[in-house]
Amino acid sequence: MKVTLLKWSRFLHKWLGIYIAIFTILWVFELIILPSLYSVKPVVDSSNASATSLSIQQVADRIASGAYGSPEHMELRYQPERQHYIVADNSTFILLTINATNGHVISQKLDYDALLMKKTGLGWLNETLGEFLKIPFQIFFVILSITGLHLILFPHIKKKKAPEGLLALAPGQKFLFKSTSSTEDMAKTASIGLLPGVQATLLYIPRRGPVVISARNTRIAVARSVAKSFIIAPVEA
């Protein structure tokens, strides 16, 4: 189960990482280019210099008359602590700050936050497409974080090797001993009387410790490391 999770974590981490990397490169490109495409056009200040205050209704009337641009996409906000009116154009992303005490235009700037929120992620092509692409980006980012954490916590999980030598047999199974995978182990088997061509039977494989076999009517305990190196041939009953 852990091996399967690790495999899928690596797979998802790889391909989602590629997707997010491409999306991030696109976002950085848009971050550089988009502000230059939306220039701030100056607004003629039509307020009366002698005016003492400007009501919210008066600002709304100016917006409706087109004094600050096309009124269809205008949004009016009020900041009572500063006594400022903020007129936001949601089509050109221009923020107009008006002094509520005299009606003068204080500043005019680009609303970077609104611009980047609506137009990045190919939103400049189509806002619906941009919103659609941002949803999987957020989901994939969460998945990428989870899989990355899994890879960090469990980096060395390896698939278990298949049993080798005698450990691949079942108790009671007969085999023909042929050799071992190392000369050192061959010397050990020779010292206990187990020579090439001898037929034996596997008796018992404990979870730990030596493996017990029967050869020439004698029970022999074989070290687990040596039993793994056995080269054998099955014998039909």
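Further up the page is the structure itself.
Quick summary incoming for the structure in this document. Nothing here was measured: the structure is a model prediction, and the numbers come from that model.

Reading guide: rules and limits
- Residues numbered from 1 in each chain as written.
- Predicted model: local features only at pLDDT ≥ 70, side-chain atom pairs only at ≥ 80, totals over all residues.
- Heavy atoms only, no water.
- Salt bridge = Lys/Arg side-chain N within 4 Å of Asp/Glu carboxyl O.
- Buried < 20%, exposed > 50% of the residue type's maximum accessible area, 1.4 Å probe, protein only.
- Helix = DSSP H or I, 4+ residues; strand = E, 2+ residues; numbered from the N terminus.
- Pairing = 2+ DSSP bridges.

Here we take up the pattern of salt bridges. Within the structure shown, the criterion is met by 1 salt bridge. Between Arg77 and Glu75 there is a salt bridge, with its nearest N and O atoms 3.3 Å apart. Residue classification places Arg77 among the partly exposed residues on the basis of a relative accessible area of 33%.

Turning our attention to unusual backbone geometry. Look at Leu122: it is not a glycine, yet its phi comes out positive at around 70°. Relative to the elements of secondary structure, Leu122 occurs in the loop between helix H3 (112-119) and helix H4 (127-153). Given a relative accessible area of 21%, Leu122 falls into the partly exposed group. Not every positive phi belongs to a glycine, and Asn217 is a case in point at roughly 60°. Structurally, Asn217 is set in the loop between strand S7 (211-215) and strand S8 (218-222). Its relative accessible area of 81% is what places Asn217 among the exposed residues.

This next bit is on the pairing of strand S5 (residues 174-180). The pairing of S5 with strand S6 (residues 199-204) spans 3 bridges and is antiparallel. Each bridged residue has a counterpart across the sheet, and for Phe175 the counterpart in S6 is Ala200. In the sheet, S5 pairs with strand S9 (residues 230-234) via 5 bridges, with the strands oriented antiparallel. Its bridge partner being in S9, Phe177 is matched across the sheet by Ile232.

This is a description of form; function is not addressed.
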